[in-house]
Amino acid sequence: MSEQIQFIVEKLNQEPFRKNYNLITFDSLESMQLLQLLNDVLGEIDPKHAVDIREELPEQTAKRMLSLLGILKYKPPGSISDLSAFRQGLVTGSKPIIHPVLHWLLQRTNELKKRAYLARFLVKLEVPAEFLQDDTVADINKQYEELMEAFKNLHKECEQLKTSGLSTAEIRRDISAMEEEKDQLIKRVERLKKRVETVQNHQRMLEIARQLRLEKEREESLAQQKQEQKNQLFHAEQRLQRAQLQLKEMHHAVVDSKPESLMKKLEEEINFNSYLVTEKIPRELESKKNSAYFLQKVVAEPAMSQSDLNVLEIKINEVNAQMNQLIEKRMMKYEPIDSKFSMYRQQASIISRKKEAKAEELQAAKEEMSSTEKQMLQKTSQAHELEGSEVLKGDEFKHYVNKLRSKNTFYKKKRLEIAEITAEYGILQRTEELLKQRHEAIQQQLQAIEDKKGISGYSYTQEELERVSAVKSEMDEMKGRTLDNMSEMVKKLNAMVAEKKASLAPVIKELRQLRQKCQELTQECDEKKIQYDSCAAGLESNRSTLEQEVKGLLEECVQEESNYRYINCMKRNLEVQLQRAKEEMKAYVSSDPQERRKAIREQYTRMILEQENLGKKLREKQKVVRESHGPNMKQIKMWQDFEQLMECKRECFLKQQNQTAIGQVIQEGGKDRLVL
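Residues numbered from 1 in each chain as written. Predicted model: local features only at pLDDT ≥ 70, side-chain atom pairs only at ≥ 80, totals over all residues. Heavy atoms only, no water.

- Named according to an unreviewed UniProt entry, the chain is Intraflagellar transport protein 81 homolog originating from Otus sunia.
- In UniProt, the chain has this text filed under Sequence similarities (unreviewed entry): "Belongs to the IFT81 family." (UniProt positions renumbered as here; feature names shortened; annotations may be inferred.)

Below, the structure is given as C-alpha cells:
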C-alpha cells in the first residue's frame, strides 16, 4: 500500500499536475479534496471532466465519474456486493476506493487518453426501436453509423502512418530535395529551350517529338493490353481444359457404371455432406466462436502481470480438480460397474471418434485430390504448350499402349522384310555390276568390229531410232486413250444432267407452291405482329400506370403506418404522464399522511428543506472555520517550529554520539572534561 501511495505522489508531483505533495500531506487530504484530485486526473484524461465538483451535486459527480471509468474499462476488485460499496465509497471519497483508482489511472495515462478520445466518437447512442420506425430518424441513424465506420478507418490509417516510421523531418528533407531537383530540371529545360530556339523548324520538331512520345506511350499501353488479353486467353484455355476433363470423367463414369452404383455413390456423398453440414462444421464453428469470444474477452481485460497469471493458473487447476471429483462422484452414483449402459456409451463414443477421424481423413483426401488435379491440369497445360498434344490417361492410355504393341509387331515384320530386301538388293547390285562390266566389254568388242568394217556408230544410231519410235507409239496410244476418256466423260455428264432434271422437276413444282404459301404466311405474320405490338404497347402503358399507382399507395401506406406508430407512441407517453399526474393528484389530495409523503411535491419540499438545513450547517461550519483560521495557522507555525527544534536536537544527539565514539565527556561542577 505504501508503494502505491508513493507512486501516486511521484506522478502527481510531475507534469502536468505539479501538486508538490509528500506522503504526509497526501495522506492528510480530506474526502472532498481526494474527489477533486481524482476529478483533476480524469479531466487530464478527458477535458470534458475538468470541472469543480463543488459546483455540482455529489450524485452527479459520482455518475459522471462512474460513466468515464466504465468507458475506460476500469474493473473494481471484488464481487457484486463490493461494487455497491465501490459506488458508495466513490460518493463519500473513501481513501481505500480512491487510491487504487488513482494508481490505475496514473499507470496508463497515455493509453487512457487515447481510449477517452475514441470513446467520444465510437460510443454508440442507443435509439429506441419505436423511434427508428420514422424514416427521418432511421436515415440519420444510418448516416451516424456510416460516419462512425469512416472514423474507424481513418483512425486506423492515421495510426498506421504514425507507426510507419516516416517522421516529419524526413518528409521535409525529401520535400526540400525534390524542390532542389525541380529547380535544377527547370534550369536544364530553360538551357535546352535556348539551344533549340537557334535550330530551324524547332516548333515542328518539338511537335514531332511530342507525337513520338504519345505513340510510344500508346504502344506501351497496347502491349500491356495484349499481354493482359494473352493472360485472359491462357486462363480461359485452362478453364476450358478443366471443363473438358470434368466432362470426360463424367462420360467415363456414366459409361462404366450402372444406375444403382450411381445412386449409391450419390447417397454416400449426400450422407457425407449432411454429416459435415449438420454435425462436423457446426461443432467446429461453435468451437471457433467460443475461442474468438474468449480471445476478445482476454483482449478487453486490462494488462495482467505474472503474479495475476499464476493466480489464474492455480484457480484453473483447482476448478479442474473439482470437476474431476464431481465426474467421479456422478459416475459412482448413476453408473455402477455392473451397468450395461456404460459399455454402450463407451462404444458409441469410440464410434463417434472414429467417425470424426474418418471424416477428417476423407476431407484431407479430397483436398489432396483437388490439389493433385490442379497440379495435373498445370502439367497438362505445360505439356500442351511444349508439345501441342494432350496427355492421355485411363482407358485412352491403355488403348494407346495396345496400339503401340500392334505397331511394334508390324514394325518388326516390316523390319525383317526390309532386311531380306536389303540382302536381295545387295545380290542384285552385285549382279548389275557384273552385267555392266560384261556389257562394257561387249560394247568395246562391237565398236572394234565396226571400226574394222568401216561402219562405226551404227549400233548407237539403231538404238536411238528404236527408242524414238517406241516413244512415238506410246504418245499415240496416250492421245487415243485421252480422246476416248473425254468422249465417255461428256456422255456421262449429259446423262447425269438429264437424270437430275427429271428428278428435280416435281421438287421444283412443290417449291413453287411452298413459296406462294410462305408469302401468304409472311403477310399474315406481319399483320399479327402489328396487332401484337399495339396490344403489348397498350398493356405496357397500363402496367406502368398501375405500377406507379401501386408504388404511390405503398409509400402512402408506409407513411401512414409510421404516423400511426408515432401517434401510438405519443399516446402511450401521454397516458403514462396522465397516469402519473392522476397518482400525484390522488396522493396530494389524500388525507392519509403516508400517501401524501409519497407525492412528488412533498418529496421535493422535503428535499428543499433538507438542502436549506444543510446550507445553514455549512454556513455555520464556514463561519467556525473562518474564526478558527488564525489560531489554526498559529498552531501550524508552532508545530513547524517544534519540528525544527526536534530536528536540531536530533542533530545534536548525533554529534554527541560521534564524540563519544572518540572519547568520553564528563561533566563535573559545571565543567566538561574529555577523557580519551
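There is more to say after this.
1. Things to note about the overall build of the chain
For step 1, the next point in the chain: Along the backbone of the chain there are 18 helices and two strands.
For step 2, the next point in the chain: In the chain, buried positions account for 11% of the 676 residues.
For step 3, the next point in the chain: The contacts in the chain between residues at least 6 apart in sequence include a share of 52% that link residues at least 24 apart.
For step 4, the next point in the chain: Surface summary for the chain: the accessible area is close to 58500 Å², and the carbon and sulfur share equals 58%. (Helix = DSSP H or I, 4+ residues; strand = E, 2+ residues; numbered from the N terminus. Buried < 20%, exposed > 50% of the residue type's maximum accessible area, 1.4 Å probe, protein only. Contact = heavy atoms within 4.5 Å. Areas by Shrake-Rupley, 256 points an atom, 1.4 Å probe, with all protein chains shown as cover.)

2. What to know about helix α7 (residues 109–122)
For step 1, the next point in the chain: The end-to-end C-alpha distance of α7 is 19 Å, a good match for the 20 Å that 14 residues give at a rise of 1.5 Å each.
For step 2, the next point in the chain: Of all the residues in α7, the buried ones are Thr109, Leu112, Ala116, Leu118 and Ala119. (Expected span 1.5 Å × (residues − 1).)

3. Focus on the nonpolar core
For step 1, the next point in the chain: Grouped together as the largest cluster of nonpolar side chains are 31 residues, with contacts concentrated most on Leu12, Phe26, Leu38, Leu72, Leu102 and Leu105.
For step 2, the next point in the chain: Only α1 (2–13), α3 (31–45), α4 (58–71), α5 (80–92), α6 (95–107) and α7 provide two or more residues apiece to this core. (Core = buried A, V, L, I, M, F, W, Y, C linked by side-chain atoms within 4.5 Å.)

4. Structural notes on the packing of aromatic side chains
For step 1, the next point in the chain: One pass over the full model with this rule turns up three aromatic pairs.
For step 2, the next point in the chain: With a centroid separation of 5.7 Å and 85 degrees between ring planes, the pair formed by Trp639 and Phe642 is classed as edge-to-face. You can see Trp639 and its partner Phe642 sitting in helix α18 (residues 629–662), three residues apart, about one turn around the helix. (Phe/Tyr/Trp six-rings, centres within 6.5 Å; stacked < 30°, edge-to-face > 60°.)

5. Focus on the pattern of salt bridges
For step 1, the next point in the chain: Across all of its chains, the model carries 14 salt bridges by this definition.
For step 2, the next point in the chain: One salt bridge in this structure joins Glu361 and Lys358, with 3.7 Å as the shortest N-O distance. With Glu361 and Lys358 both in helix α13 (residues 341–387) and three residues apart, this pair spans about one turn of that helix.
For step 3, the next point in the chain: What makes Lys358 exposed here is its relative accessible area of 54%.
For step 4, the next point in the chain: Of the charged contacts in the structure, one is a salt bridge between Asp641 and Lys637, with a shortest N-O distance of 3.2 Å. Here Asp641 pairs with Lys637, and both are found in helix α18, just four residues apart, close to one helical turn.
For step 5, the next point in the chain: Asp641 sits in the partly exposed class, given a relative accessible area of 35%.
For step 6, the next point in the chain: The class for Lys637 is partly exposed, based on a relative accessible area of 45%. (Salt bridge = Lys/Arg side-chain N within 4 Å of Asp/Glu carboxyl O.)

6. A short note on a nonpolar patch on the surface
For step 1, the next point in the chain: Together, Ile600, Tyr604, Met607 and Ile608 make up a nonpolar patch on the protein surface, roughly 410 Å² of accessible area in all.
For step 2, the next point in the chain: Summarising the element assignment, Ile608 is placed in helix α17 (residues 600–627). (Patch = residues over 30% accessible without salt bridge, like charges linked within 9 Å, V, L, I, M, F, W, Y side chains within 5 Å.)

7. Observations concerning α4
For step 1, the next point in the chain: The end-to-end C-alpha distance of α4, which contains 14 residues, comes to 20 Å, matching closely the 20 Å that a straight helix rising 1.5 Å per residue would cover.
For step 2, the next point in the chain: By the burial criterion, the buried members of α4 are Thr61, Ala62, Arg64, Met65, Leu68 and Leu69. All buried residues of α4 fall inside an arc of 165 degrees around its axis, so they share one side. Residues Glu59 and Lys63 are exposed on α4 and point more than 90 degrees away from its buried face.
For step 3, the next point in the chain: One or two steps after α4, the chain reaches Lys73, where phi turns positive at roughly 65 degrees. (Arc of directions from axis to C-beta.)

8. A few points about the packing of α3 against α6
For step 1, the next point in the chain: Between α3 and α6, the shortest axis-to-axis distance is 11 Å and the interhelical angle comes to 20 degrees. Our classification of the angle between α3 and α6 gives roughly parallel. For the pair α3 and α6, the sense of crossing is left-handed. Between α3 and α6, the contacting residues are Leu34, Leu35, Leu37, Leu38, Val41, Leu42 and Ile45 on the first element and Lys95, Ile98, His99, Val101, Leu102, Leu105 and Leu106 on the second. (Axes fitted to C-alpha atoms, helices over the stretch in contact; angles between N-to-C directions. Parallel < 35°, antiparallel > 145°, perpendicular 65-115°, else oblique. Left-handed = near helix turned anticlockwise from the far one by under 90°.)

9. Thoughts on the confidence of the model for the chain
For step 1, the next point in the chain: Confidence in the prediction for the chain averages 79 pLDDT; 87% of positions are at 70 or higher.
For step 2, the next point in the chain: For the chain, the element scoring lowest by mean pLDDT is strand β1 (residues 664–668), at 57; α17 scores highest, at 88. (pLDDT = per-residue confidence, 0-100.)

10. Considerations on a positive patch on the surface
For step 1, the next point in the chain: A cluster of basic residues, Lys187, Arg188, Arg191 and Arg195, forms a positive patch at the surface.
For step 2, the next point in the chain: Checked against the element boundaries, Arg191 lands in helix α9 (residues 168–197).
For step 3, the next point in the chain: A residue is classified by how much of its surface remains accessible, and Arg191, at 48% relative accessible area, is partly exposed. (Lys, Arg positive; Asp, Glu negative; His and termini not counted. Charge placed at Lys NZ, Arg CZ, Asp CG, Glu CD.)

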